[in-house]
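Results of the structural survey
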Amino acid sequence: MHLAILRTGQTNKAISDSFPDYPEMFARLLNRPASDSQPPQFTFTSLAVFDGELPAHIDDFDGYIITGSAAGVYETHSWLEPLFAFIRACDAAKKPVCGICFGHQAVAKALGGEVTKWPDGWGVGVRDMHAADKADWMPEIDNFSLIYFHQDQVIKLPPGAKTIATSPFCAIGGFAKEGHIFCLQGHPEFGTEYSAALLEVIRERVGDARTDSALASLTRKTDADIVASWIGAFFTRAETAEPMSLVSAG
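Since the structure is predicted, the reported quantities are computational estimates derived from the model, not experimental observations.

1. Quick notes on the sheet that holds strand β11 (residues 174-177)
The strand order across the open sheet formed by 7 strands is β2-β1-β3-β4-β12-β11-β10, and the pairing between neighbours is mixed. The outermost strands of the open sheet, each flanked by one partner alone, are β2 (43-48) and β10 (162-165). Neighbouring strand axes in the sheet, compared pairwise and without regard to direction, differ in orientation by 20 degrees on average. Pairing analysis gives 4 bridges linking strand β4 (residues 97-100) to strand β12 (residues 181-184), with the strands arranged parallel. Across the sheet, Gly-99 pairs through a bridge with Cys-183, a residue of β12.

2. Details of the packing of helix α2 (residues 80-93) against helix α3 (residues 102-110)
Packing of α2 against α3 brings their axes to within 9 Å, and their N-to-C directions diverge by 75 degrees. Comparing their axes, α3 and α2 come out roughly perpendicular. Note on element contacts: α3 touches α2 through Phe-102, Ala-106, Val-107, Lys-109 and Ala-110, opposite Leu-80, Leu-83, Phe-84, Ile-87 and Arg-88. For the contact of α2 with α3, a count of residues per class yields 8 nonpolar, no polar and 2 charged.

3. Focus: the nonpolar core
Ranked by internal contacts, the top residues of the largest apolar core, which has 33 residues, are Phe-144, Phe-182 and Phe-235. Sort the elements by how many residues they give to this core and helix α7 (residues 224-239) lands first, with 7 residues. If sequence neighbours within four positions are ignored, Phe-235 has contacts with Met-1, Leu-3, Phe-42, Gly-63, Tyr-64, Ile-65, Pro-96 and Cys-98. If you look at the next biggest cluster of nonpolar residues, it comprises 31 residues, including Ala-4, Ala-71, Leu-80 and Phe-84.

4. Examining the environment of Arg-88
Considering the arrangement of structural elements, one finds Arg-88 in helix α2. For the pair Arg-88 and Ala-110, spaced 22 residues apart in sequence, the C-alpha to C-alpha distance is 6.4 Å. With residues up to four places along the chain from it excluded, the contact list for Arg-88 reads Glu-81, Ala-110 and Leu-111.

5. Overview of the state of the cysteines
A covalent bond between the sulfur atoms of two cysteines is referred to as a disulfide. Under the criterion given, the structure shown has 0 disulfides. Not part of a disulfide, Cys-98 finds its nearest cysteine sulfur in Cys-183, a span of 6.5 Å. Accessibility expressed as a relative area gives 1% for Cys-98, which makes it buried. Between Cys-101, a cysteine without a disulfide, and Cys-170, which holds the nearest cysteine sulfur, the sulfur-to-sulfur distance is 9.4 Å.

6. Re the pairing of strand β3 (residues 63-66)
Side chains Gly-63 and Ile-65 of β3 all project onto a buried face; the interleaved residues Tyr-64 and Ile-66 project onto the opposite face, where all are buried too. Strand direction decides the pairing type here: strand β1 (residues 2-7) and β3, joined by 4 bridges, are parallel. Counted as the bridge partner of Leu-6 is Ile-66 from β3. In terms of strand pairing, β3 meets β4 through 3 bridges, oriented parallel. Residue pairing across strands places Tyr-64 opposite Val-97, the latter belonging to β4.

7. As for the pattern of salt bridges
Evaluation of the coordinates by the stated rule reveals 14 salt bridges. The partner of Arg-28 in a salt bridge is Glu-24, and the shortest N-O contact between them spans 2.5 Å. Of the two residues, Arg-28 and Glu-24 are both situated in helix α1 (residues 22-30); the distance of 4 residues between them amounts to about one turn of the helix. Exposure remark for Glu-24: the relative accessible area of 37% places this residue in the partly exposed category. Close ionic contact of Arg-203 with Asp-208 constitutes a salt bridge, the shortest N to O distance being 3.1 Å. Because the salt bridges share partners, they merge into one network encompassing Glu-200, Arg-203, Asp-208 and Asp-212.

What counts as what
- Residues numbered from 1 in each chain as written.
- Predicted model: local features only at pLDDT ≥ 70, side-chain atom pairs only at ≥ 80, totals over all residues.
- Heavy atoms only, no water.
- Pairing = 2+ DSSP bridges.
- Helix = DSSP H or I, 4+ residues; strand = E, 2+ residues; numbered from the N terminus.
- Axes fitted to C-alpha atoms, helices over the stretch in contact; angles between N-to-C directions.
- Parallel < 35°, antiparallel > 145°, perpendicular 65-115°, else oblique.
- Contact = heavy atoms within 4.5 Å.
- Nonpolar A, V, L, I, M, F, W, Y, C, P; charged D, E, K, R; others polar.
- Core = buried A, V, L, I, M, F, W, Y, C linked by side-chain atoms within 4.5 Å.
- Buried < 20%, exposed > 50% of the residue type's maximum accessible area, 1.4 Å probe, protein only.
- Disulfide = S-S within 2.5 Å.
- Salt bridge = Lys/Arg side-chain N within 4 Å of Asp/Glu carboxyl O.

Worth remembering: the numbers are spatial, not functional.
What follows is the structure, encoded as structure tokens:
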């Protein structure tokens, strides 16, 4: 299955020599474990949306991952409106789209939701989410943890979408729409070492107390592997046109 990674951001330049960029992070996340006897499930093409790159047609690829970004969806970058139009075209055709962090926010805004800079500041480090109305490609657990880096939050769902992940700090930590939209605020693709380095880079903006707390949280194990399996199931089931639904987590 051939997926396009729509790059709306990139590894912070201060640490880019030490860590891979987002496309490699997602490739490692979604194709593990891979071996000679178990070839990679996905192939990837990376498109720099922030440089104006988008597919000519939504059917150029089997599905799309929209990455994180330092940008805000309410800003005036020239590449935002073309991205929003592309998301709307995918939605109309039920083409599978997975949005992560900024991607989660971009999909929400493009489809009629609302996003704001959160008054309580940054959400950083390992945080827990409750699976609310679980999509049926994410059945294993009712609660999960991921690494988070965000100032902005989705505060209103797009029409037809349902919240699938929630916490006291971030009420809409993930949402799905039918079987073709799957979005999460957390970063399953970020590793501990990268996250620690990034926290130090943005320490002045986040504040010492919140940065130190986030660094301490990185000793916790996350559920990135489980979330990776959800993303994989989301795309492969969309490819086979198997119906999907949301099921109550209870």
